[in-house]
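In case you want the letters, here they are:
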Amino acid sequence: MIRRWELTGSLMTQAPLHIGGLDAGPAQLVQARDGAGRPLLPGTALAGVIRSALRADGVPDHRLWGLPPERDGTGGEASWVRVDDAPAVGTPYVEVRDHVSIDRVHGVAARGHLFSREVLAAGTRFAFRMVVDAPEGADAATAEDLVDAVAARLRGPGISVGAAVTRGLGLVRLVDAVLRESDLASRAGMLAALRTGGEPVDLPAADPDEVPPGVLRIVVPWRPRGPLAVQVSSDGDVVSAFPLTGRDGEHTRLELPGSSIKGVLRSHAERITRTVTGAPTPEKFLDQMRADGLGPVAALFGTAAARDTDDPTLPAGRRGALRVATCVSTAALPTAQWEAVRLLQRRLADTVDHDGAEPPGDDGSDPPGDDGPGRTADQVRAALGTLQRAVDELNDSVAGIRFTIAHHVAVDRWTGGAADSLLFATVQPHATDAGAGAGAWQPITLDLAMDRLDQDPTTTSATADDDRRAAVALLLLVLRDLCDGWIGFGHGTTRGAGGVRVDPAAVTFRVGPRAGWCTTLDGRSLADVLTDDEVTAPLTAAWLATAGGHG
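Quick look at the structure, then. What you see is a predicted model; the values in this text were computed from it and never measured.

A few points about the sheet that holds strand β15 (residues 245–248)
Then comes step 1: The sheet built from three strands is open, its strands ordered β15-β16-β20 with antiparallel pairing. The outermost strands of the open sheet, each flanked by one partner alone, are β15 and β20 (327–333). In this sheet, adjacent strand axes meet at a mean angle of 40° when their direction is disregarded.
Then comes step 2: Pairing of β15 with strand β16 (residues 251–256), which is carried by four bridges, proceeds in the antiparallel orientation. Residue pairing for β16: G246 is matched across the bridge by R253.

So this is what it looks like as C-alpha coordinates:
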(Lines give C-alpha, C1' and ligand atoms only; values in the text may rest on other atoms or scores of the structure.)
Protein backbone atom coordinates (compact mmCIF):
# COMPACT_ATOMS: atom_id res chain seq x y z
CA MET A 1 0.00 0.00 0.00
CA ILE A 2 1.22 3.47 -0.80
CA ARG A 3 -1.77 5.55 0.29
CA ARG A 4 -4.88 5.19 2.47
CA TRP A 5 -8.14 7.08 2.89
CA GLU A 6 -10.44 6.54 5.86
CA LEU A 7 -14.02 7.84 5.85
CA THR A 8 -15.90 7.76 9.16
CA GLY A 9 -19.11 9.22 10.54
CA SER A 10 -22.64 8.25 11.47
CA LEU A 11 -25.13 6.73 9.08
CA MET A 12 -28.45 8.23 10.17
CA THR A 13 -31.71 6.64 9.05
CA GLN A 14 -33.99 9.06 7.21
CA ALA A 15 -36.84 6.53 7.23
CA PRO A 16 -37.63 3.30 9.09
CA LEU A 17 -35.13 0.54 8.31
CA HIS A 18 -35.09 -3.26 8.33
CA ILE A 19 -32.23 -5.65 7.64
CA GLY A 20 -33.28 -9.20 8.28
CA GLY A 21 -31.66 -11.46 10.84
CA LEU A 22 -32.07 -15.13 11.72
CA ASP A 23 -32.73 -14.97 15.46
CA ALA A 24 -36.17 -15.61 16.91
CA GLY A 25 -38.02 -12.52 18.03
CA PRO A 26 -41.38 -10.79 18.42
CA ALA A 27 -41.87 -10.58 14.64
CA GLN A 28 -41.65 -12.98 11.75
CA LEU A 29 -38.98 -10.75 10.17
CA VAL A 30 -36.52 -9.72 12.86
CA GLN A 31 -33.75 -7.15 12.73
CA ALA A 32 -30.15 -8.27 12.26
CA ARG A 33 -28.06 -7.92 15.42
CA ASP A 34 -24.45 -8.49 16.38
CA GLY A 35 -23.16 -10.67 19.21
CA ALA A 36 -23.75 -7.88 21.74
CA GLY A 37 -27.42 -7.65 20.74
CA ARG A 38 -27.03 -4.32 18.93
CA PRO A 39 -28.93 -3.72 15.67
CA LEU A 40 -26.45 -3.88 12.83
CA LEU A 41 -25.85 -2.82 9.24
CA PRO A 42 -23.56 -5.59 7.93
CA GLY A 43 -20.50 -4.49 6.01
CA THR A 44 -21.44 -6.88 3.22
CA ALA A 45 -24.78 -5.11 2.74
CA LEU A 46 -23.23 -1.63 2.89
CA ALA A 47 -20.45 -2.48 0.45
CA GLY A 48 -22.95 -3.98 -1.98
CA VAL A 49 -25.37 -1.03 -2.00
CA ILE A 50 -22.55 1.53 -2.14
CA ARG A 51 -21.00 -0.18 -5.14
CA SER A 52 -24.40 -0.52 -6.83
CA ALA A 53 -25.23 3.14 -6.18
CA LEU A 54 -21.93 4.30 -7.65
CA ARG A 55 -22.50 2.14 -10.72
CA ALA A 56 -25.93 3.74 -11.17
CA ASP A 57 -24.27 7.16 -10.80
CA GLY A 58 -21.96 6.34 -13.71
CA VAL A 59 -18.85 5.63 -11.62
CA PRO A 60 -17.23 2.62 -13.33
CA ASP A 61 -16.10 -0.44 -11.43
CA HIS A 62 -12.37 -0.91 -11.35
CA ARG A 63 -9.65 -2.97 -9.76
CA LEU A 64 -10.07 -1.43 -6.28
CA TRP A 65 -13.34 -3.34 -5.80
CA GLY A 66 -11.49 -6.59 -6.51
CA LEU A 67 -11.35 -8.88 -9.51
CA PRO A 68 -13.23 -12.18 -9.88
CA PRO A 69 -11.23 -15.31 -10.69
CA GLU A 70 -11.09 -16.72 -14.18
CA ARG A 71 -13.32 -19.63 -15.18
CA ASP A 72 -10.53 -22.07 -14.48
CA GLY A 73 -10.26 -20.74 -10.92
CA THR A 74 -7.00 -18.88 -11.41
CA GLY A 75 -6.39 -15.20 -10.89
CA GLY A 76 -8.73 -12.93 -8.99
CA GLU A 77 -7.90 -10.23 -6.47
CA ALA A 78 -9.34 -9.17 -3.14
CA SER A 79 -10.97 -5.77 -2.81
CA TRP A 80 -8.90 -2.79 -1.68
CA VAL A 81 -12.11 -1.23 -0.31
CA ARG A 82 -12.99 -2.26 3.22
CA VAL A 83 -16.38 -1.47 4.77
CA ASP A 84 -16.82 -2.38 8.43
CA ASP A 85 -19.97 -3.63 10.09
CA ALA A 86 -21.92 -0.61 11.37
CA PRO A 87 -23.45 -1.23 14.82
CA ALA A 88 -26.22 1.01 16.13
CA VAL A 89 -25.17 3.80 18.48
CA GLY A 90 -26.96 4.03 21.81
CA THR A 91 -30.29 2.30 22.34
CA PRO A 92 -32.34 2.64 19.15
CA TYR A 93 -36.13 2.49 19.15
CA VAL A 94 -37.34 -0.79 17.63
CA GLU A 95 -40.99 -1.41 16.81
CA VAL A 96 -42.96 -4.24 15.24
CA ARG A 97 -45.15 -3.44 12.26
CA ASP A 98 -47.78 -5.57 10.60
CA HIS A 99 -48.04 -5.75 6.82
CA VAL A 100 -50.70 -7.16 4.53
CA SER A 101 -51.02 -7.62 0.77
CA ILE A 102 -54.19 -6.59 -1.06
CA ASP A 103 -56.03 -9.01 -3.32
CA ARG A 104 -56.60 -7.25 -6.66
CA VAL A 105 -59.91 -9.02 -7.34
CA HIS A 106 -61.67 -8.46 -4.02
CA GLY A 107 -59.87 -5.36 -2.73
CA VAL A 108 -59.30 -6.88 0.71
CA ALA A 109 -56.35 -8.48 2.48
CA ALA A 110 -55.01 -11.47 0.58
CA ARG A 111 -55.41 -14.73 2.47
CA GLY A 112 -52.18 -15.91 4.08
CA HIS A 113 -50.24 -12.71 3.38
CA LEU A 114 -50.22 -11.04 6.82
CA PHE A 115 -46.73 -10.74 8.30
CA SER A 116 -44.84 -8.60 10.78
CA ARG A 117 -41.35 -7.14 10.78
CA GLU A 118 -39.11 -5.26 13.17
CA VAL A 119 -38.06 -1.79 12.00
CA LEU A 120 -35.66 0.76 13.42
CA ALA A 121 -37.03 4.28 13.74
CA ALA A 122 -35.89 7.24 11.67
CA GLY A 123 -33.04 9.05 13.39
CA THR A 124 -31.20 5.85 14.38
CA ARG A 125 -27.42 6.22 14.05
CA PHE A 126 -24.87 3.61 13.01
CA ALA A 127 -21.10 3.94 13.37
CA PHE A 128 -19.68 3.94 9.83
CA ARG A 129 -16.08 3.31 8.72
CA MET A 130 -14.75 2.71 5.23
CA VAL A 131 -11.08 2.36 4.28
CA VAL A 132 -9.74 2.58 0.71
CA ASP A 133 -6.13 1.58 0.03
CA ALA A 134 -4.15 2.41 -3.08
CA PRO A 135 -1.79 -0.50 -3.88
CA GLU A 136 1.67 0.02 -5.24
CA GLY A 137 1.59 0.40 -8.99
CA ALA A 138 -2.04 1.63 -8.96
CA ASP A 139 -3.25 5.10 -9.80
CA ALA A 140 -3.73 6.86 -6.44
CA ALA A 141 -5.94 9.45 -8.11
CA THR A 142 -8.42 6.67 -8.98
CA ALA A 143 -8.67 5.66 -5.34
CA GLU A 144 -9.12 9.28 -4.30
CA ASP A 145 -11.89 9.76 -6.87
CA LEU A 146 -13.63 6.67 -5.50
CA VAL A 147 -13.54 8.01 -1.95
CA ASP A 148 -14.85 11.39 -3.09
CA ALA A 149 -17.70 9.72 -5.00
CA VAL A 150 -18.68 7.61 -1.97
CA ALA A 151 -18.58 10.62 0.36
CA ALA A 152 -20.65 12.72 -2.05
CA ARG A 153 -23.31 10.02 -2.43
CA LEU A 154 -23.56 9.16 1.27
CA ARG A 155 -23.65 12.80 2.41
CA GLY A 156 -25.95 13.95 -0.39
CA PRO A 157 -28.82 11.78 -1.64
CA GLY A 158 -27.80 8.90 0.65
CA ILE A 159 -28.25 5.22 -0.07
CA SER A 160 -31.03 2.74 0.63
CA VAL A 161 -30.10 -0.44 2.43
CA GLY A 162 -32.09 -3.44 3.65
CA ALA A 163 -35.57 -4.65 2.78
CA ALA A 164 -38.41 -2.84 0.99
CA VAL A 165 -36.19 0.00 -0.25
CA THR A 166 -38.66 0.82 -3.06
CA ARG A 167 -41.46 1.04 -0.48
CA GLY A 168 -40.10 3.73 1.79
CA LEU A 169 -37.68 1.82 4.01
CA GLY A 170 -33.93 1.94 4.44
CA LEU A 171 -32.73 5.41 3.38
CA VAL A 172 -29.58 6.39 5.30
CA ARG A 173 -27.34 9.45 5.03
CA LEU A 174 -23.84 10.05 6.38
CA VAL A 175 -23.57 12.85 8.96
CA ASP A 176 -20.61 14.14 10.96
CA ALA A 177 -18.34 12.77 8.25
CA VAL A 178 -14.55 12.90 8.64
CA LEU A 179 -12.11 11.97 5.86
CA ARG A 180 -8.44 11.35 6.60
CA GLU A 181 -5.61 10.63 4.16
CA SER A 182 -2.35 8.84 4.99
CA ASP A 183 0.85 8.65 2.95
CA LEU A 184 2.23 5.17 3.63
CA ALA A 185 5.08 5.36 1.14
CA SER A 186 7.36 7.45 3.41
CA ARG A 187 8.61 7.22 6.97
CA ALA A 188 7.18 10.62 7.87
CA GLY A 189 3.81 9.75 6.43
CA MET A 190 3.74 6.41 8.25
CA LEU A 191 4.55 8.07 11.58
CA ALA A 192 1.88 10.70 11.02
CA ALA A 193 -0.67 7.98 10.26
CA LEU A 194 0.23 6.17 13.50
CA ARG A 195 0.08 9.34 15.60
CA THR A 196 -3.02 11.09 14.23
CA GLY A 197 -4.72 8.57 11.95
CA GLY A 198 -3.87 10.65 8.89
CA GLU A 199 -4.28 14.19 7.70
CA PRO A 200 -7.86 15.51 7.63
CA VAL A 201 -9.26 16.27 4.18
CA ASP A 202 -11.91 18.93 3.64
CA LEU A 203 -15.17 17.61 2.25
CA PRO A 204 -17.26 19.78 -0.09
CA ALA A 205 -20.73 20.88 0.95
CA ALA A 206 -23.41 18.24 0.34
CA ASP A 207 -26.99 18.77 -0.79
CA PRO A 208 -29.40 16.21 0.74
CA ASP A 209 -32.05 17.23 -1.81
CA GLU A 210 -29.80 16.40 -4.77
CA VAL A 211 -31.44 14.10 -7.31
CA PRO A 212 -29.24 11.06 -8.09
CA PRO A 213 -28.09 10.52 -11.69
CA GLY A 214 -30.57 8.75 -13.95
CA VAL A 215 -33.52 9.52 -11.67
CA LEU A 216 -36.73 11.41 -12.41
CA ARG A 217 -38.06 12.77 -9.10
CA ILE A 218 -41.71 13.73 -8.75
CA VAL A 219 -42.68 15.83 -5.73
CA VAL A 220 -46.40 15.78 -4.91
CA PRO A 221 -47.61 18.31 -2.31
CA TRP A 222 -50.98 17.26 -0.94
CA ARG A 223 -53.43 17.80 1.87
CA PRO A 224 -56.16 15.55 3.27
CA ARG A 225 -59.82 16.28 2.61
CA GLY A 226 -60.83 14.82 5.97
CA PRO A 227 -59.55 12.20 8.38
CA LEU A 228 -56.61 10.29 6.94
CA ALA A 229 -54.48 7.65 8.60
CA VAL A 230 -53.13 4.16 8.30
CA GLN A 231 -54.74 2.50 11.29
CA VAL A 232 -53.05 0.30 13.85
CA SER A 233 -55.19 -2.02 15.96
CA SER A 234 -55.18 -1.32 19.68
CA ASP A 235 -55.62 -3.62 22.65
CA GLY A 236 -59.04 -3.44 24.25
CA ASP A 237 -62.43 -2.13 23.20
CA VAL A 238 -62.34 1.46 24.47
CA VAL A 239 -60.68 2.55 21.21
CA SER A 240 -60.07 -0.12 18.61
CA ALA A 241 -57.49 1.66 16.43
CA PHE A 242 -54.96 4.49 16.50
CA PRO A 243 -53.22 6.19 13.55
CA LEU A 244 -49.80 4.81 12.62
CA THR A 245 -46.93 6.88 13.99
CA GLY A 246 -43.17 6.63 13.74
CA ARG A 247 -40.30 7.96 15.80
CA ASP A 248 -38.18 10.67 14.21
CA GLY A 249 -35.34 11.33 16.61
CA GLU A 250 -36.87 12.98 19.66
CA HIS A 251 -40.27 13.43 18.03
CA THR A 252 -43.20 11.26 17.01
CA ARG A 253 -44.94 11.90 13.71
CA LEU A 254 -47.91 10.49 11.87
CA GLU A 255 -46.76 8.20 9.11
CA LEU A 256 -48.06 7.18 5.70
CA PRO A 257 -45.76 4.28 4.75
CA GLY A 258 -44.23 4.11 1.31
CA SER A 259 -45.60 0.57 1.05
CA SER A 260 -49.14 1.90 1.49
CA ILE A 261 -48.69 4.68 -1.06
CA LYS A 262 -47.02 2.40 -3.58
CA GLY A 263 -49.67 -0.29 -3.15
CA VAL A 264 -52.46 2.19 -3.87
CA LEU A 265 -50.66 3.59 -6.93
CA ARG A 266 -49.95 0.09 -8.25
CA SER A 267 -53.58 -1.00 -7.84
CA HIS A 268 -54.76 2.03 -9.78
CA ALA A 269 -52.11 1.51 -12.49
CA GLU A 270 -53.24 -2.11 -12.87
CA ARG A 271 -56.87 -1.01 -13.07
CA ILE A 272 -56.03 1.39 -15.90
CA THR A 273 -53.91 -1.12 -17.81
CA ARG A 274 -56.34 -4.02 -17.46
CA THR A 275 -59.18 -1.74 -18.56
CA VAL A 276 -57.51 -0.66 -21.79
CA THR A 277 -55.99 -4.05 -22.64
CA GLY A 278 -58.81 -6.29 -21.46
CA ALA A 279 -56.34 -8.45 -19.52
CA PRO A 280 -58.24 -10.34 -16.79
CA THR A 281 -57.11 -10.39 -13.18
CA PRO A 282 -56.03 -13.87 -12.00
CA GLU A 283 -57.91 -15.25 -9.02
CA LYS A 284 -54.76 -16.37 -7.16
CA PHE A 285 -52.90 -13.55 -5.46
CA LEU A 286 -49.41 -14.77 -6.36
CA ASP A 287 -50.43 -14.91 -10.02
CA GLN A 288 -51.70 -11.33 -9.72
CA MET A 289 -48.29 -10.16 -8.57
CA ARG A 290 -46.65 -11.61 -11.70
CA ALA A 291 -48.22 -8.80 -13.77
CA ASP A 292 -48.30 -11.00 -16.87
CA GLY A 293 -49.08 -8.94 -19.96
CA LEU A 294 -48.84 -5.66 -18.02
CA GLY A 295 -45.49 -4.39 -19.28
CA PRO A 296 -45.61 -0.80 -17.95
CA VAL A 297 -46.93 -2.00 -14.58
CA ALA A 298 -44.12 -4.54 -14.27
CA ALA A 299 -41.56 -1.91 -15.27
CA LEU A 300 -42.80 0.62 -12.71
CA PHE A 301 -43.74 -1.58 -9.79
CA GLY A 302 -41.96 -4.87 -10.38
CA THR A 303 -43.26 -8.37 -10.85
CA ALA A 304 -43.06 -11.59 -8.88
CA ALA A 305 -41.18 -14.57 -10.23
CA ALA A 306 -43.10 -17.53 -11.57
CA ARG A 307 -43.45 -20.18 -8.88
CA ASP A 308 -42.35 -22.96 -11.24
CA THR A 309 -38.75 -21.80 -11.55
CA ASP A 310 -37.73 -25.03 -13.33
CA ASP A 311 -39.54 -23.86 -16.46
CA PRO A 312 -37.21 -21.45 -18.30
CA THR A 313 -40.08 -20.09 -20.39
CA LEU A 314 -41.79 -18.56 -17.36
CA PRO A 315 -40.89 -14.94 -16.53
CA ALA A 316 -38.35 -14.12 -13.86
CA GLY A 317 -39.07 -11.67 -11.06
CA ARG A 318 -37.77 -8.12 -11.15
CA ARG A 319 -37.68 -5.05 -8.96
CA GLY A 320 -39.68 -2.08 -10.20
CA ALA A 321 -38.11 1.22 -11.19
CA LEU A 322 -40.41 3.35 -9.00
CA ARG A 323 -39.31 4.11 -5.45
CA VAL A 324 -41.83 5.70 -3.07
CA ALA A 325 -40.62 7.43 0.06
CA THR A 326 -42.41 7.12 3.39
CA CYS A 327 -44.45 10.28 4.03
CA VAL A 328 -44.65 11.75 7.54
CA SER A 329 -46.51 14.66 9.09
CA THR A 330 -44.75 17.99 9.48
CA ALA A 331 -46.58 18.32 12.79
CA ALA A 332 -44.55 16.68 15.56
CA LEU A 333 -46.32 15.02 18.48
CA PRO A 334 -44.79 15.16 21.97
CA THR A 335 -43.60 11.58 22.32
CA ALA A 336 -44.23 11.34 26.07
CA GLN A 337 -47.76 12.72 25.72
CA TRP A 338 -48.62 10.47 22.79
CA GLU A 339 -47.34 7.40 24.61
CA ALA A 340 -49.35 8.46 27.67
CA VAL A 341 -52.54 8.43 25.58
CA ARG A 342 -51.71 4.96 24.25
CA LEU A 343 -50.89 3.71 27.75
CA LEU A 344 -54.10 5.16 29.15
CA GLN A 345 -56.04 3.27 26.45
CA ARG A 346 -54.46 0.00 27.56
CA ARG A 347 -55.14 0.70 31.24
CA LEU A 348 -58.76 1.55 30.55
CA ALA A 349 -59.08 -1.61 28.46
CA ASP A 350 -58.03 -3.64 31.49
CA THR A 351 -61.13 -2.43 33.33
CA VAL A 352 -63.57 -3.48 30.59
CA ASP A 353 -63.85 -6.97 29.14
CA HIS A 354 -64.66 -7.69 25.51
CA ASP A 355 -68.40 -7.57 26.20
CA GLY A 356 -68.12 -4.15 27.83
CA ALA A 357 -68.56 -5.55 31.35
CA GLU A 358 -66.32 -5.20 34.38
CA PRO A 359 -64.04 -8.23 34.91
CA PRO A 360 -65.11 -10.75 37.53
CA GLY A 361 -63.76 -10.51 41.07
CA ASP A 362 -60.94 -12.54 42.47
CA ASP A 363 -63.29 -15.33 43.43
CA GLY A 364 -64.50 -15.69 39.83
CA SER A 365 -67.91 -14.13 40.47
CA ASP A 366 -69.15 -10.82 39.09
CA PRO A 367 -69.13 -7.86 41.48
CA PRO A 368 -72.55 -7.20 42.98
CA GLY A 369 -74.76 -4.73 41.24
CA ASP A 370 -73.08 -5.25 37.83
CA ASP A 371 -75.71 -7.40 36.15
CA GLY A 372 -77.75 -4.65 34.49
CA PRO A 373 -77.00 -3.14 31.07
CA GLY A 374 -77.00 0.42 32.48
CA ARG A 375 -73.92 -0.28 34.55
CA THR A 376 -72.00 -1.55 31.52
CA ALA A 377 -72.89 1.48 29.37
CA ASP A 378 -71.90 3.89 32.13
CA GLN A 379 -68.58 2.15 32.53
CA VAL A 380 -67.73 2.33 28.83
CA ARG A 381 -68.89 5.97 28.66
CA ALA A 382 -66.68 6.90 31.60
CA ALA A 383 -63.65 5.24 30.01
CA LEU A 384 -64.22 7.09 26.75
CA GLY A 385 -64.60 10.37 28.62
CA THR A 386 -61.29 9.85 30.40
CA LEU A 387 -59.56 9.09 27.12
CA GLN A 388 -61.20 12.09 25.43
CA ARG A 389 -59.76 14.43 28.07
CA ALA A 390 -56.27 13.01 27.44
CA VAL A 391 -56.74 13.50 23.67
CA ASP A 392 -57.86 17.11 24.25
CA GLU A 393 -54.68 17.77 26.23
CA LEU A 394 -52.66 16.31 23.36
CA ASN A 395 -54.43 18.58 20.87
CA ASP A 396 -53.39 21.62 22.91
CA SER A 397 -49.73 20.64 22.31
CA VAL A 398 -49.92 19.99 18.54
CA ALA A 399 -50.27 22.53 15.74
CA GLY A 400 -51.73 21.63 12.35
CA ILE A 401 -53.24 18.28 13.39
CA ARG A 402 -56.23 17.70 15.63
CA PHE A 403 -57.26 14.28 16.95
CA THR A 404 -60.83 13.20 17.53
CA ILE A 405 -62.40 10.02 18.85
CA ALA A 406 -64.80 8.87 16.15
CA HIS A 407 -67.60 6.53 17.17
CA HIS A 408 -68.91 3.90 14.76
CA VAL A 409 -71.64 1.31 14.87
CA ALA A 410 -72.63 -1.46 12.50
CA VAL A 411 -76.29 -1.59 11.47
CA ASP A 412 -78.28 -4.78 11.78
CA ARG A 413 -79.64 -5.54 8.32
CA TRP A 414 -82.81 -7.15 9.76
CA THR A 415 -83.93 -4.68 12.42
CA GLY A 416 -82.37 -1.57 10.90
CA GLY A 417 -80.97 -0.64 14.31
CA ALA A 418 -77.51 -0.85 15.82
CA ALA A 419 -76.10 -4.35 15.76
CA ASP A 420 -75.50 -5.88 19.16
CA SER A 421 -71.91 -5.49 20.51
CA LEU A 422 -70.66 -3.80 17.33
CA LEU A 423 -70.12 -0.28 18.68
CA PHE A 424 -66.47 0.78 18.35
CA ALA A 425 -64.35 3.93 18.33
CA THR A 426 -61.15 5.03 16.59
CA VAL A 427 -58.75 7.93 17.03
CA GLN A 428 -58.65 9.99 13.82
CA PRO A 429 -56.28 12.83 12.82
CA HIS A 430 -57.62 15.88 10.98
CA ALA A 431 -55.84 18.83 9.43
CA THR A 432 -57.11 21.77 11.48
CA ASP A 433 -57.82 24.17 8.57
CA ALA A 434 -56.98 24.79 4.91
CA GLY A 435 -53.81 26.71 5.72
CA ALA A 436 -52.45 24.23 8.22
CA GLY A 437 -53.77 21.31 6.21
CA ALA A 438 -51.65 22.30 3.24
CA GLY A 439 -48.55 21.92 5.36
CA ALA A 440 -49.64 19.23 7.80
CA TRP A 441 -47.89 16.50 5.79
CA GLN A 442 -44.64 16.39 3.88
CA PRO A 443 -44.99 16.00 0.11
CA ILE A 444 -45.09 12.54 -1.42
CA THR A 445 -41.80 11.85 -3.20
CA LEU A 446 -41.54 9.42 -6.12
CA ASP A 447 -38.16 8.49 -7.61
CA LEU A 448 -38.21 6.84 -11.03
CA ALA A 449 -34.95 5.15 -12.07
CA MET A 450 -34.99 5.62 -15.83
CA ASP A 451 -32.30 3.02 -16.52
CA ARG A 452 -34.48 0.31 -14.96
CA LEU A 453 -37.51 0.99 -17.11
CA ASP A 454 -36.67 -1.34 -19.97
CA GLN A 455 -39.17 -4.17 -20.09
CA ASP A 456 -36.31 -6.22 -21.53
CA PRO A 457 -32.97 -5.08 -20.04
CA THR A 458 -31.14 -6.62 -23.00
CA THR A 459 -32.97 -4.42 -25.48
CA THR A 460 -30.70 -1.93 -27.22
CA SER A 461 -32.97 -0.91 -30.08
CA ALA A 462 -35.25 2.11 -30.28
CA THR A 463 -38.05 0.12 -28.63
CA ALA A 464 -36.24 0.53 -25.29
CA ASP A 465 -37.18 4.21 -25.28
CA ASP A 466 -40.75 3.27 -26.25
CA ASP A 467 -40.94 1.00 -23.20
CA ARG A 468 -39.73 3.81 -20.99
CA ARG A 469 -42.19 6.28 -22.49
CA ALA A 470 -45.11 3.86 -22.03
CA ALA A 471 -44.22 3.44 -18.36
CA VAL A 472 -43.89 7.21 -17.87
CA ALA A 473 -47.23 7.70 -19.65
CA LEU A 474 -48.91 5.27 -17.25
CA LEU A 475 -47.40 7.05 -14.26
CA LEU A 476 -48.69 10.40 -15.56
CA LEU A 477 -52.17 8.90 -15.94
CA VAL A 478 -52.05 7.74 -12.32
CA LEU A 479 -50.91 11.19 -11.16
CA ARG A 480 -53.66 12.85 -13.19
CA ASP A 481 -56.27 10.66 -11.51
CA LEU A 482 -54.73 11.45 -8.12
CA CYS A 483 -55.21 15.15 -8.82
CA ASP A 484 -58.79 14.46 -9.96
CA GLY A 485 -59.64 12.85 -6.61
CA TRP A 486 -59.89 9.21 -7.72
CA ILE A 487 -57.25 7.92 -5.33
CA GLY A 488 -57.18 7.93 -1.53
CA PHE A 489 -54.76 6.66 1.09
CA GLY A 490 -55.05 4.90 4.38
CA HIS A 491 -58.12 3.47 6.08
CA GLY A 492 -61.74 3.92 5.06
CA THR A 493 -61.25 5.32 1.56
CA THR A 494 -64.68 4.00 0.52
CA ARG A 495 -66.35 5.47 3.62
CA GLY A 496 -65.41 9.16 3.62
CA ALA A 497 -61.84 8.94 4.87
CA GLY A 498 -58.49 9.03 3.09
CA GLY A 499 -59.40 11.54 0.39
CA VAL A 500 -56.67 13.96 -0.72
CA ARG A 501 -56.42 17.23 -2.60
CA VAL A 502 -53.58 17.61 -5.08
CA ASP A 503 -53.05 20.65 -7.32
CA PRO A 504 -51.45 19.55 -10.63
CA ALA A 505 -49.74 22.94 -10.85
CA ALA A 506 -47.92 22.17 -7.58
CA VAL A 507 -46.68 18.70 -8.65
CA THR A 508 -43.13 19.23 -9.88
CA PHE A 509 -40.53 17.20 -11.78
CA ARG A 510 -36.82 17.24 -11.01
CA VAL A 511 -34.29 15.36 -13.09
CA GLY A 512 -30.82 14.16 -12.17
CA PRO A 513 -27.88 13.87 -14.57
CA ARG A 514 -27.95 11.16 -17.24
CA ALA A 515 -31.76 10.95 -17.31
CA GLY A 516 -31.98 10.95 -21.11
CA TRP A 517 -34.99 12.50 -22.77
CA CYS A 518 -36.65 13.10 -19.38
CA THR A 519 -34.48 16.20 -18.99
CA THR A 520 -37.25 18.03 -20.89
CA LEU A 521 -39.41 17.62 -17.77
CA ASP A 522 -36.94 19.22 -15.37
CA GLY A 523 -38.44 22.04 -13.32
CA ARG A 524 -41.89 21.72 -14.87
CA SER A 525 -45.23 21.04 -13.24
CA LEU A 526 -47.67 18.23 -13.97
CA ALA A 527 -50.25 20.71 -15.26
CA ASP A 528 -47.67 22.15 -17.66
CA VAL A 529 -46.56 18.72 -18.89
CA LEU A 530 -50.08 17.38 -19.46
CA THR A 531 -50.95 20.35 -21.68
CA ASP A 532 -47.72 20.27 -23.70
CA ASP A 533 -48.40 18.35 -26.92
CA GLU A 534 -44.71 18.19 -27.75
CA VAL A 535 -44.12 16.19 -24.56
CA THR A 536 -47.30 14.12 -24.48
CA ALA A 537 -47.40 13.10 -28.18
CA PRO A 538 -44.53 10.55 -28.00
CA LEU A 539 -45.77 9.34 -24.62
CA THR A 540 -49.26 8.82 -26.02
CA ALA A 541 -47.94 6.97 -29.06
CA ALA A 542 -45.84 4.65 -26.87
CA TRP A 543 -48.80 4.06 -24.53
CA LEU A 544 -51.17 3.23 -27.41
CA ALA A 545 -48.65 0.79 -28.85
CA THR A 546 -48.30 -0.93 -25.48
CA ALA A 547 -52.04 -0.95 -24.92
CA GLY A 548 -52.54 -2.68 -28.26
CA GLY A 549 -54.58 0.14 -29.70
CA HIS A 550 -57.20 -0.04 -26.92
CA GLY A 551 -56.07 3.18 -25.17
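Brief notes about helix α2 (residues 140–155)
Side chains of residues three or four places apart in an α-helix project in the same direction, reflecting 3.6 residues per turn.
Then comes step 1: If you check α2, its first and last C-alpha atoms are 23 Å apart, about what 16 residues at 1.5 Å a residue would give, namely 22 Å.
Then comes step 2: For α2, the full list of buried residues reads A143, L146, V147, A149, V150, A151, R153, L154 and R155.
Then comes step 3: Its buried side turned inward, α2 meets β1 (3–13), α1 (43–56), β3 (81–83), β7 (125–134), β8 (159–160) and β9 (171–183).

Points about helix α12 (residues 533–546)
Then comes step 1: Spanning 14 residues, α12 covers 19 Å between terminal C-alpha atoms, matching the ideal 20 Å at 1.5 Å per step.
Then comes step 2: Regarding α12, the residues found buried are V535, T536, L539, A542 and W543. Along the axis of α12, the buried residues cluster in a sector spanning 130°; they form a single face. Relative to its buried face, α12 has exposed residues pointing more than 90 degrees away, namely D533, E534 and A545.
Then comes step 3: Measuring from the backbone nitrogen of E534 back to the side-chain oxygen at the start of α12 gives 3.0 Å, which picks out D532 as the cap.

Some remarks on the environment of T404
Then comes step 1: In this fold, T404 is placed in strand β21 (residues 401–411).
Then comes step 2: Under the relative-accessibility criterion, T404 is labelled partly exposed at 28%.
Then comes step 3: The sequence separation of T404 and D392 amounts to 12 residues, and the corresponding C-alpha distance is 8.3 Å.
Then comes step 4: With residues near it in sequence (within four places) discarded, T404 still touches T426, V427, Q428 and H430.
Then comes step 5: Within polar-contact distance, the side chain of T404 engages the side chain of H430 at 3.2 Å.

Brief notes about the pairing of β1
Then comes step 1: With eight of 11 residues buried, β1 is to be regarded as a mostly interior element.
Then comes step 2: Note: β1 against β9, 10 bridges, orientation antiparallel. Its bridge partner being in β9, L11 is matched across the sheet by L174.
Then comes step 3: Where β1 and β7 come together, 10 bridges link them in antiparallel fashion. Residue L7 lies in a different strand from β7, and its bridge partner there is M130.

Parameters at a glance
- Residues numbered from 1 in each chain as written.
- Predicted model: local features only at pLDDT ≥ 70, side-chain atom pairs only at ≥ 80, totals over all residues.
- Heavy atoms only, no water.
- Pairing = 2+ DSSP bridges.
- Helix = DSSP H or I, 4+ residues; strand = E, 2+ residues; numbered from the N terminus.
- Axes fitted to C-alpha atoms, helices over the stretch in contact; angles between N-to-C directions.
- Expected span 1.5 Å × (residues − 1).
- Buried < 20%, exposed > 50% of the residue type's maximum accessible area, 1.4 Å probe, protein only.
- Contact = heavy atoms within 4.5 Å.
- Arc of directions from axis to C-beta.
- Polar contact = N/O pair within 3.5 Å; in protein donor to acceptor, adjacent residues only side chain to side chain.

Interpretation in functional terms is not warranted from these geometric data alone.
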